[in-house]
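Fold and contact review
Now for the letters of each chain:
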Amino acid sequence: MTSFLSFLAPFTPFLATLLLLILLLEQISYLRKKRNVPGPNMVLPFLGNAISLVREPTNFWEIQADLASSLGFSVNYIIGRFILFIRNTELSHLIFANVRPDAFLLVGHPFGKKLFGEHNLIYMFGQDHKDLRRQIAPNFTPRALSTYTALQQIIILQHLKSWERLSSESRGKPIPLRLLARDMNLETSQTVFVGRYLSNEARAQFKDDYNLFNTGLMKLPFDLPGFAFRNARLAVERLVETLSDCAAQSKKRMFQGDEPSCLIDFWMQETVKEIAESKTALHHPSDDDIGSYLFDFLFAAQDASTSSLLWAVSVLDSHPDVLQKVREEVSGIWSPESDALISAEQLREMKYTQAVAREVIRYRPPATLVPHIAMKDFPLTESYTIPKGTIVFPSVYESSFQGFTEADRFDPDRFSEDRQEEVIFKRNYLAFGAGPHQCVGQRYALNHLVLFIAMFVTVLDFKRHRTDDCDEIMYCPTICPKDGCSVSLSRRCPRYPNLSLN
């Protein structure tokens, strides 16, 4: 070791000079891309501001939004990547409308391809993407959604019972709902998407792997043994393999003429029908590709839905007038003592509850940022061109507070038939995205939130445990109340509905 150091000693000044030159060139490259756009003037070599992003993501993005207040966008530097944050709604639409090889590709996460794998719905574009969305369309017909709402309600009720029991056993101590809601949504997603094709053992492994994936999302992207990012990537591979096997099982059952009972069945039923009716060979995704697409559905539905459920509980507790109106509307349409599910027709009658759900999503859009990568230099404004390779973050959150009447106030009546702000300010309502990659499952997501609100407020009484910062936003990876939404629960109805998956 000593001899090696002695060998290097004469080269030390040259190595130090080379290192300083590399760091200087990195800084010059950043400043050249930054130009006169608001953002830090000096960045740490390679890491940039990654440490502050990981340690305090809420504060990091709030600073970016403040910096973007003048031009509508700002810049920064994260792990060797130049990033651009967009606050202005019209500029965000410009990004969403230009997902193509010579403009932008949706990446879902700054290091998404490495984490999610190459074959994923969010990375598709052009005719292939249009064809796949056409094939997915049967998954969200009224018939399919009606099947899902039945499954959703039964699982929601099972978990509400469990939450009430946990609260009663806590001896007055509030219970945080974040992880409980996440587990409920994971079971809901599993059951709605692949239903009977997952054994109990597979469900347990599925939960463990998804937790590993969730953890890795918010960590530095070091793909090395023992690091959370590597564990997350390997977990995704196992999850996709499991979902691919479910697709193969479903296709076999649909060939046998079985009736669909979950999302993959509706998809495979249409696939089987096209194959039977076509006289020429049709291109359909492989089972492995379908597994990747199902994982994309899972990722989109899981954490975003958890976020919305928690914010719904939070705002209903802080707006007792809204809570009372929801309870009055739901009780006039559905009773838990009826031992019947909320029908599709009854769900449509819950106009005010639907307005509450839409306002929750506007007021606290769960997927606050939608990362894209610039495939070529792209003129964003007359004075600024986004450099190739830039990761661009259109902010759905910032758009939600633009245009709407008293946008900082939680106000479900903005979605009433009289005001119709969802029409007037449609371009600012970006919670489900826009352009070719707009969320295909938005009706499913809204149904889930409405069903949860309706059953939660009818079946349970709840009291939120409030602290000074309990409603501050926390990234995990979507936004949730900082305290995890801690509540005390008790049963409101005389008995629980007698509903079963069997």
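Going by the structure above, here's the rest.
Note on numbering: residues in each chain are counted from 1, in written sequence order. With the structure being a predicted model, the display of local features is reserved for residues of pLDDT at least 70 and the display and counting of side-chain atom pairs for 80 or more, all residues being used for whole-chain, interface and lining totals. Neither water nor hydrogens contribute to the side-chain values; these are computed over all heavy atoms in the structure.

What follows deals with unusual backbone geometry. A positive phi angle is found at Arg35, which is not glycine, with a value near 55°. Helix numbers and strand numbers start at the N terminus; a helix is a DSSP run of H or I with at least 4 residues, a strand a run of E with at least 2. Mapped onto the secondary structure, Arg35 falls in the loop between α2 (12-34) and α3 (50-55). The cut-offs for exposure are 20% and 50% of the maximum accessible area for each residue type, with area from a 1.4 Å probe on protein chains only; residues under the lower value are buried, those over the upper are exposed, and the others partly exposed. The class for Arg35 is partly exposed, based on a relative accessible area of 48%. A positive phi is found at Asp339, a non-glycine position, where the angle reads about 55°. Looking at where Asp339 falls in the secondary structure, it is placed in the loop between α14 (320-331) and α15 (344-349). For Asp339, a relative accessible area of 31% corresponds to the partly exposed category.

Structural elements are reduced to axes, namely lines fitted to C-alpha atoms, with helices fitted over the stretch in contact, and the angle between N-to-C directions of any two is expressed from 0 to 180 degrees. It is at 8 Å that the axes of helix α10 (residues 200-217) and helix α11 (residues 228-255) come closest, and there the two elements cross at 140°. By the angle between their directions, the pair α10 and α11 is classed as oblique. Crossing hand, α10 versus α11: left-handed. Counted together, Gln205, Phe206, Asp209, Tyr210, Leu212, Phe213, Thr215 and Gly216 of α10 and Ala228, Phe229, Asn231, Ala232, Ala235, Val236, Arg238, Leu239, Thr242 and Leu243 of α11 form the full contact between these two elements. Here is the rule for angles: anything less than 35 degrees is roughly parallel, anything more than 145 is roughly antiparallel, 65 through 115 is roughly perpendicular, and the remaining ranges are oblique. For a crossing to be left-handed, the near helix must be turned anticlockwise from the far one by less than a right angle; the clockwise case is right-handed. Only heavy atoms matter for contacts: two residues are in contact if any of them lie within 4.5 Å across the pair.

Moving on to the pattern of salt bridges. The term salt bridge refers to a side-chain nitrogen of Lys or Arg lying within 4 Å of a carboxyl oxygen of Asp or Glu. Going through the model one piece at a time under the given rule, you end up with 28 salt bridges. A salt bridge links Arg253 to Asp258, with the nearest nitrogen and oxygen atoms 3.1 Å apart. Among the ionic pairs, Arg492 bridges to Asp461, the shortest N-O distance being 2.9 Å. Placement of Arg492 in the segment after β12 (486-491) and of Asp461 in strand β9 (residues 460-464) is noted, with a sequence separation of 31 residues between them. We classify Arg492 as partly exposed; its relative accessible area is 40%. Salt bridges sharing partners connect three or more residues here, namely Glu359, Arg362, Glu406, Arg409, Asp411, Arg414, Arg419 and Glu421.

Now for the nonpolar core. We define the nonpolar core as a collection of buried residues of types Ala, Val, Leu, Ile, Met, Phe, Trp, Tyr and Cys that are connected through side-chain atoms lying within 4.5 Å of one another. Within the largest apolar cluster, 136 residues are counted, with the highest numbers of intra-cluster contacts made by Ile264, Trp267, Phe295, Phe452, Ile453 and Phe456. At 15 residues, helix α13 (residues 287-318) tops the list of elements feeding residues into this core. Apart from the residues lying within four places of it in its own chain, the contact partners of Ile453 are Ala312, Leu316, Val326, Thr353, Val356 and Ala357.

What follows concerns the pairing of strand β1 (residues 73-78). With six of six residues buried, β1 lies mostly within the body of the structure. In β1, alternate side chains face the same way, and those of Phe73, Val75 and Tyr77 on one face and Ser74, Asn76 and Ile78 on the other are all buried. Any two strands are treated as partners once DSSP identifies two or more bridges connecting them. Bridging between β1 and strand β2 (residues 81-86) involves six bridges; their strand directions are antiparallel. Of the residues in β2, the one forming a bridge with Phe73 is Ile86. Connecting β1 to the next strand, β2, in antiparallel fashion are two residues, including Ile79 with a positive phi near 45°.

This part is about the sheet that holds β2. With respect to topology, five strands assemble into an open sheet ordered β1-β2-β8-β5-β3, the strand pairing being mixed. Of all the strands in the sheet, the pair left with one neighbour each is β1 and β3 (104-106). On average, each strand axis in the sheet is tilted by 30° relative to the strand beside it, whichever way the strands run. With four bridges joining them, β2 and strand β8 (residues 391-394) adopt parallel strand pairing. Bridge pairing links Ile86 to Pro394 in β8. Against the sheet, helix α5 (residues 89-96) touches β1, β2, β3, β5 (372-374) and β8, its axis set at about 130° to β8.

In this section: the sheet that holds β9. Judged by pairing direction, the sheet is antiparallel, and its three strands sit side by side in the order β4-β12-β9 without closing on themselves. The open sheet has two free edges, formed respectively by β4 (175-176) and β9, since each of these has just one partner strand. By the bridge criterion, five bridges tie β9 to β12 in an arrangement that is antiparallel. Residue pairing for β12: Leu460 is matched across the bridge by Arg491. Across the face of the sheet, helix α8 (residues 142-169) comes into contact with β4, β9 and β12 while running at roughly 105° to β12. Against the sheet, helix α19 (residues 442-459) engages β9 and β12, with an angle of about 95° to β9.

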